[in-house]
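Here's the letter readout for the chains.
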Amino acid sequence: MIAAAVLIGLFNAAAFAAGDPQGRGPDLSTGKQLFDASCSSCHGQDASGGLGPNIQRIPATLGDEATAKIIKGGVPGTGMPAFAGLTDAQLMQIVAHIRSLGNSAMGDVATGDPEKGQAVYDANGCANCHIVNGVGGNLGPDLTGIGSLRPADFIRLELQNPGGNLPKSPVTGITIGKWTEYLMFRAVTRDGHAIEGMRTAESTLEIVLEDAKGNYHSLHKADLRSLEKESGKSFMPSQTSLSDADLNNLAAYVASLKAAAQ
Amino acid sequence: MNALKRVLALAIVMAAGSAAGFAQNVPYQRLLSADKTPQDWLTYGGDYQSHRFSGLKEINKADVANLRPVWIYQRSQAAGEFIEATPIVADGLMYIVEPPSTVTALDARTGMKIWSWSPKMAKDVKYIGLHANNRGVAILDGTVYIGTLDCHLAALDAKTGALRWMVEVEKNSDNHAISANPLAIDGEVIIGTGGGDRDARGLLDAFDAKTGKRLWRIYTVPNKDEPGAETWGGAVGNGGDVWNGGSYDPELNLVYYGTGNPSPAFGGKTRPGDNLYTCSLLAVDATTGKMKWYFQFTPHDIHDWDSTQIPVLFDASVAGKPRKLVALANRNGFYYVLDRATGEFVAGAPYISQNWAKGLDDKGRPIKLPSYDPAPTGTLTNPSTSGANNWTAPSYDPENNLFYVSARELSAVFTPTGSNFQSGDSAYGAIRALEATTGKMKWQYRMIAPAWVSTLSTAGGLVFSGDDEGDFFALDADTGKLLWSFPMSGVDPRDSPVTYAVGGKQYVVISSINIYAAFALH
């Protein structure tokens with residue numbers, strides 16, 4: 001089976017290099033048009049991420065066929081819809097365009113040792129708030145598979161400035177800039193009771209906050225004396241006490257957490 | 001059969017129909033005077049003028065707090081895109097469309113399914129620039145009309161859902177697709193196509209309502225040798241697709257349709273000039289298909305600001321003179337009032353905090369700021385590509401001359417090749433009540449996010465709409481005060497509430513993601 005997989009891999013690479021049966025390479029300008037129309041509103045014009053994750057290196061990591069399959073079928077349970085109406089040729093044009101974008105925003109700048117990084121992760125209590133492969137606390141985001149979405153140098157920045165670049169929630173469809181996740185709020189009730197927490201849900205009239213202990217507070221906005229956003233804040237402490245090497249190793253470890261096989 | 005027997009037979013058939021409660025015969029005369037039968041909701045906009053205003057007032061300011069859900073219809077197919085269709089209600093039957101192109105008739109009193117029809121479509125239908133859903137059907141005589149995603153127009157028996165005829169409007173292989181509602185007038189059915197973002201040439205077609213024979217077609221962008229070609233700098237015009245619904249003035253015999261953006265949407269270097277007749281309102285003779293006039297809102301659009309918002313027809317006094325007017329809250333952030341007989345600009349004003357134009361000149365042409373052309377490094381512009389308003393319909397209240405629109409305050413960073421939306425946390429939405437003849441804001445109801453829900457106003461002094469988190473609500477039409485709301489909890493619901501009555505009882509119905517829900521007084 002392994003040999004077969006390698007063969008298939010080689011075959012795909014060869015097919016890509018050869019372009020289509022007419023001997024032309026994939027049409028990058030059409031790929032760009034398609035990408036701009038269907039992908040850029042979530043993934044950004046340079047595929048470096050927006051509502052959706054940075055996908056610049058997805059073709060290089062997963063291969064062209066697998067990337068095309070994801071575009072065609074979508075990713076169930078996320079904001080990534082299925083683009084079933086695209087032809088195989090159009091899919092390959094999009095994939096070629098993504099490849100051509102390179103890694104403009106995020107390269108593999110931070111280099112570290114994932115194994116040493118795991119020790120840093122364990123020693124610093126990261127698992128108190130983060131789940132990896134089902135194990136850990138649940139206040140912060142589940143980091144299982146985070147390495148498939150975010151590169152090491154992005155993670156390193158997050159470690160230093162946790163509230164500085166909060167992700168936006170995925171949406172189905174094409175258009176709106178959706179909510180910032182893990183955004184902190186401070187609510188004060190009419191009787192003067194203050195609640196600080198991460199927004200879990202919000203509507204025009206209601207809001208749910210999760211406090212530092214993980215308790216939910218379901219609040220009717222009209223009953224509050226005040227409600228303020230605390231942009232830039234996070235329950236996650238900034239890892240300023242770590243050495244440069246430890247930071248790099250920790251980032252390398254987190255970036256190594258690719259999606260587990262289901 | 002002699003004449004007497006024929007009359008008797010007809011009477012028996014009619015009696016049987018009314019016993020079942022579903023007569024399902026909506027001649028043109030009924031559509032003309034839709035405002036006289038508020039128990040029905042006969043056209044996309046409630047009437048040919050697209051007022052989305054109902055004379056029903058059992059549900060009103062005093063009792064709306066007692067509004068409760070009475071039935072929910074769950075769509076037949078769970079998968080697929082969200083429901084967006086405006087229900088059509090006639091004689092106790094409600095016609096909805098389940099994405100992408102399934103027409104379903106429900107008992108409007110109970111939500112029970114009577115029949116359902118789905119077109120056979122290829123798996124690889126193309127609909128780039130559109131969504132795989134539908135805005136609703138049209139009804140005329142005993143027939144219901146739907147534009148299908150794969151760009152056909154189908155005529156169904158209103159009583160049974162049986163297919164009467166189906167014609168291809170344009171080739172789906174050329175990127176033409178339909179999500180718009182048809183417009184049925186006297187003996188003809190009018191519809192446009194989408195796909196302009198992939199170089200489909202914008203068009204509007206009329207078909208014989210009985211046979212499906214094409215009566216006329218008008219293209220919205222010129223060929224090289226046609227008038228308007230000089231506004232494309234030598235390029236062949238593309239885009240300008242008519243992907244949303246229109247309105248009709250029976251006296252002037254004109255249909256009014258907005259056109260989409262030029263293609264390619266961004267940059268615009270390859271198409272120097274105004275790019276007629278994109279981002280415009282067209283007044284088209286309903287019998288001949290000839291353009292009577294046009295008004296271009298955004299010359300040389302480079303922000304994807306289609307002008308396919310619903311044109312609202314109303315009569316009002318301007319500077320002491322009675323005028324026949326058409327108003328449109330444009331995706332570009334300005335509200336426009338035009339003379340609907342001539343296309344003359346009457347008034348205009350921004351209805352969101354737009355930042356790309358200094359204002360409008362005395363002909364209604366925008367005075368663009370340098371920031372209109374995005375820098376390669378990006379320029380923050382309000383509105384975003386999704387616009388100050390998009391496809392959702394406004395409502396016009398003839399009792400107080402107010403125009404209610406769901407306004408979107410959402411910016412995007414534009415570059416010459418595309419755009420990225422601002423975070424939802426720096427955006428918001430609002431239901432805004434504008435003086436219809438001036439665009440001056442009378443009140444607003446703020447929502448935490450820009451919404452995708454049409455407005456509905458009623459003689460009960462209410463404005464119904466919804467927000468992006470799924471709250472369906474009723475506002476005081478005179479003040480914008482929140483009087484009632486019901487959480488339906490969905491992300492990005494894209495709805496168009498309507499109201500109707502069965503057996504003297506008023507209902508308000510709205511879709512949300514995968515359901516239709518009807519409400520009545522408890």
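Residues numbered from 1 in each chain as written. Chains lettered and ligands numbered in written order. Predicted model: local features only at pLDDT ≥ 70, side-chain atom pairs only at ≥ 80, totals over all residues.

1. Thoughts on unusual backbone geometry
Residue and element names in this part refer to chain B.
Reasoning step 1: Of note, the bond from P99 into P100 is cis; its omega dihedral lies within 30 degrees of zero at 0 degrees.
Reasoning step 2: With respect to the helices and strands, the residue P100 is situated in the loop between β4 (93-98) and β5 (102-107).
Reasoning step 3: The residue after L276, namely Y277, is reached through a cis peptide bond having omega -5 degrees.
Reasoning step 4: Position of Y277 among the secondary structure elements: in the loop between β16 (254-258) and β17 (280-285).
Reasoning step 5: Within the chain, D141 stands out as a residue other than glycine whose phi angle is a positive 50 degrees.
Reasoning step 6: If you trace the backbone, D141 turns up in the loop between β7 (138-140) and β8 (143-147).
Reasoning step 7: Residue classification places D141 among the partly exposed positions, given that 16 C-beta atoms sit within 10 Å. (Helix = DSSP H or I, 4+ residues; strand = E, 2+ residues; numbered from the N terminus. Buried ≥ 20, exposed ≤ 12 C-beta atoms within 10 Å, placed from the backbone.)

2. Things to note about the sheet that holds strand β38 (residues 498-502) of chain B
Residues and elements named next belong to chain B.
Reasoning step 1: The 4 strands are arranged β2-β40-β39-β38 in an open sheet whose pairing can be described as antiparallel. Each of the sheet's edge strands pairs with one partner strand only, and the pair in question is β2 (67-74) and β38. The sheet shows a mean angle of 30 degrees between the axes of neighbouring strands, direction not considered.
Reasoning step 2: Relative to strand β40 (residues 515-521), β2 is paired through 7 bridges, and the arrangement is antiparallel. Bridge pairing in β40 places R68 opposite A520. (Pairing = 2+ DSSP bridges. Axes fitted to C-alpha atoms, helices over the stretch in contact; angles between N-to-C directions.)

3. Considerations on the pairing of strand β28 (residues 412-415) of chain B
Consecutive side chains along a regular strand alternate between the two faces of the sheet.
Residues and elements named next belong to chain B.
Reasoning step 1: Bridging between strand β25 (residues 379-381) and β28 involves 3 bridges; their strand directions are antiparallel. Pairing of T381 across the sheet is with A412, part of β28.
Reasoning step 2: Pairing of β28 with strand β29 (residues 418-421) involves 4 bridges; the strand directions are antiparallel. Bridge assignment links V413 to a residue of β29, and that residue is N420.
Reasoning step 3: In textbook terms, the turn of a hairpin is the stretch between consecutive antiparallel strands, and for β28 and β29 this stretch comprises 2 residues.

4. Regarding the pairing of β38 of chain B
Residues and elements named next belong to chain B.
Reasoning step 1: Of all the 5 residues making up β38, 5 are buried; the element is thus mostly covered by neighbouring parts of the structure.
Reasoning step 2: Where burial is concerned, the two faces of β38 agree: the one with V498, Y500 and V502 and the one with T499 and A501 are both buried.
Reasoning step 3: For β38 and strand β39 (residues 505-512), the ladder comprises 5 bridges, and the chain directions are antiparallel. Pairing of A501 across the sheet is with Q506, part of β39.
Reasoning step 4: Hairpin remark: β38 followed by β39, antiparallel, with 2 residues in the connecting loop; positive phi at G503, about 60 degrees.

5. Points about the interface of chain A and chain B
Reasoning step 1: Chain A puts 26 residues into the contact, and the matching count from chain B is 31 residues.
Reasoning step 2: For the side of chain A that touches chain B, the secondary structure elements donating two or more residues are α2 (28-38) and α3 (40-43) of chain A.
Reasoning step 3: Among the elements that make up the side of chain A that touches chain B, the one with the highest residue count is α2 of chain A (4 residues).
Reasoning step 4: Residue composition of the side of chain A that touches chain B, grouped by class: 6 nonpolar, 16 polar and 4 charged. (Contact = placed C-beta atoms within 7 Å. Nonpolar A, V, L, I, M, F, W, Y, C, P; charged D, E, K, R; others polar.)

6. What to know about the packing of helix α8 (residues 152-160) of chain A against helix α9 (residues 244-255) of chain A
Residue and element names in this part refer to chain A.
Reasoning step 1: In the contact formed by α8 and α9, the axes pass within 8 Å of each other and the chain directions differ by 120 degrees. Looking at the two axes, α8 sits oblique to α9. The two elements α8 and α9 meet at a crossing, and its hand is right-handed. Of α9, the residues touching α8 (which contributes A152, I155, R156 and L159) are L247, N248, L250, A251, A252, V254 and A255.
Reasoning step 2: Grouping the amino acids of the contact of α8 with α9 by side-chain chemistry returns 9 nonpolar, 1 polar and 1 charged. (Parallel < 35°, antiparallel > 145°, perpendicular 65-115°, else oblique. Left-handed = near helix turned anticlockwise from the far one by under 90°.)

7. As for the nonpolar core
Reasoning step 1: Within the largest apolar cluster, 148 residues are counted, with the highest numbers of intra-cluster contacts made by Y95, V137, I139, A184, V284, A327 and Y507 of chain B.
Reasoning step 2: When near neighbours in sequence (up to four residues on either side) are disregarded, A184 of chain B contacts L31, A138, I139, L140, Y145, V189 and A209 of chain B. (Core = buried A, V, L, I, M, F, W, Y, C linked by C-beta atoms within 7 Å.)

8. Description of helix α6 (residues 88-101) of chain A
Residue and element names in this part refer to chain A.
Reasoning step 1: Its 14 residues give α6 an end-to-end C-alpha distance of 20 Å, which sits within 8% of 20 Å, the value for a rise of 1.5 Å per residue.
Reasoning step 2: Of all 14 residues making up α6, 11 are buried, and the element is well covered by its neighbours.
Reasoning step 3: Residues of α6 that are buried include every one of Q90, L91, M92, Q93, I94, V95, A96, H97, I98, R99 and L101, and no others. (Expected span 1.5 Å × (residues − 1).)

9. Thoughts on the environment of S496 of chain B
Residue and element names in this part refer to chain B.
Reasoning step 1: With respect to the helices and strands, the residue S496 is situated in the loop between β37 (494-495) and β38.
Reasoning step 2: C-beta crowding within 10 Å serves as the criterion here: with 28 such atoms nearby, S496 is assigned to the buried category.
Reasoning step 3: Each C-alpha atom, one on S496 and one on R408, is 16 Å from the other, the two residues being 88 residues apart in sequence.
Reasoning step 4: What S496 contacts, discounting residues up to four positions off in sequence, is T86, T392, A393 and S454.

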